[in-house]
Every structure is written in structure tokens, then in C-alpha cells.
Amino acid sequence: MSKPVIGIIMGSQSDLRIMKEAAEILEELKIAHEVTVVSAHRTPNRLVDYATTARTKGLKAVIAGAGGAAHLPGMIASLTSLPVIGVPIKSSNSIDGWDSVLSILQMPAGVPVATVALDGARNAGILAAQILGSSDKAIARRLDAFKKSLQQKVESVARKMESTGWRDLV
Ligand code: RP5
């Protein structure tokens, strides 16, 4: 595969069950990416190193997922001007996930993190692809085809529901 343009990072191996969905959609969209663990609290020097070298090694955006006191996305955003997409994760140390959502969402002015829904790693992957697709026609075409497939799936269900009734679809 070619050089990664999207970095997917997470605070712990336990986040991989969610974060793999970002990698899977990027694979589907044929976008080179890398996946690793960077813990804001347990490997702070690794965080600084990852964020400060991300652009020079060719990344165009970073997807960062964490649970609980989820400081990883915000700290990455504080150290790079690449777009950072945050994925709040409902983890074993989460209070219903709200802790993670608010830690990632409520960034101070000047340091944005594009925050997706709780456990929304797939959308984070799609958003990262859309960031690239704004200047890459081949990726934009694949995204258009992807959006069309979403539309077709809903229309097909709607047709079935209207013709055979809802009971067959429960
Ligand atoms: C966060 O704490 C991680 O992102 C993870 O969601 C959570 C739990 O980590 P582990 O105790 O499973 O390593 O920093």
C-alpha cells in the first residue's frame, strides 16, 4: 500500500474494537492509513512526538479515539495544524460515555476537534475521506459512489416495506 495519509490513533488496545471501523471504511475507500496506540496519560512523550511529526511524515488528518477522560484528540490538536477528528469511546472506565463525549467536544476557542458521535469511528473515517476528497477527485468519486449506495439501500427497504408490508421486515 502507498504511504499513509490518515493516522488512526487510540488511547488503548481496548479501543480497537471501535476504532477498527475507521480503518475498515478507509480500506473500503482505498485510502492509505496507519493505526497505532498513543496514550495521552500513559505515553505523553509519544503523543508529542506523534503530533509534531504527523505532517512531515505525510499525514493529512488524524483520527483519535479515547474513552473516559479522553484528552488524546484535544492534545493532538493542540500540537498540529492538521485536522483532528475525535471519536469518543464508551470504555470500561466511562460514565455512560458522556465523560468522553464532553472531554473531546468542549475544546477551547482556537483548538477545534471535529467530534463524531459516541463510538462513531466509521463516521470519523468517512469524514477523514471527505477532507481528502475536497481536493482529490478520485477519492471524491469513490465517496459519491458510497453515498449513492446508502441511498439505494434505504430506497430498496422503502420499496419492500411499501409493497410487502412492514411485518416481513421486523
Ligand atoms: C482511555 O482509557 C483509553 O482510550 C480507553 O478508552 C480507556 C481504558 O483504557 P484501558 O484501561 O482499557 O487501557 O485512556
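All values derive from a computational prediction rather than experimental measurement. (Residues numbered from 1 in each chain as written. Predicted model: local features only at pLDDT ≥ 70, side-chain atom pairs only at ≥ 80, totals over all residues. Heavy atoms only, no water.)

Student: How do you make sense of the overall build of the protein chain when you look at a structure like this?
Tutor: Each helix and strand in the protein chain was counted, giving six helices and five strands. Reading the protein chain from its N end, one meets helices and strands in the order β-α-β-α-β-α-β-α-β-α-α. In terms of overall dimensions, the protein chain has C-alpha extents of about 60 × 40 × 30 Å along its principal axes. Within the protein chain, contacts between residues at least 6 apart in sequence are counted, and of these 67% link residues at least 24 apart. By element, 56% of the accessible surface of the protein chain is carried by carbon and sulfur atoms, the whole surface being about 9,500 Å². Seen as two clouds, the 20 positive and the 15 negative side-chain charges of the protein chain have centres 5 Å apart. (Helix = DSSP H or I, 4+ residues; strand = E, 2+ residues; numbered from the N terminus. Contact = heavy atoms within 4.5 Å. Areas by Shrake-Rupley, 256 points an atom, 1.4 Å probe, with all protein chains shown as cover. Lys, Arg positive; Asp, Glu negative; His and termini not counted. Charge placed at Lys NZ, Arg CZ, Asp CG, Glu CD.)

Student: Help me understand helix H2 (residues 44-53) in this model?
Tutor: Side chains of residues three or four places apart in an α-helix project in the same direction, reflecting 3.6 residues per turn. Taken together, the buried positions of H2 are Leu47, Tyr50 and Ala51. The buried residues of H2 occupy an angular sector of 90° when the element is viewed end-on, so they sit on one face. At its buried positions, H2 is contacted by strand E1 (6-10), strand E2 (33-37), strand E3 (61-67) and helix H3 (72-79). (Buried < 20%, exposed > 50% of the residue type's maximum accessible area, 1.4 Å probe, protein only. Arc of directions from axis to C-beta.)

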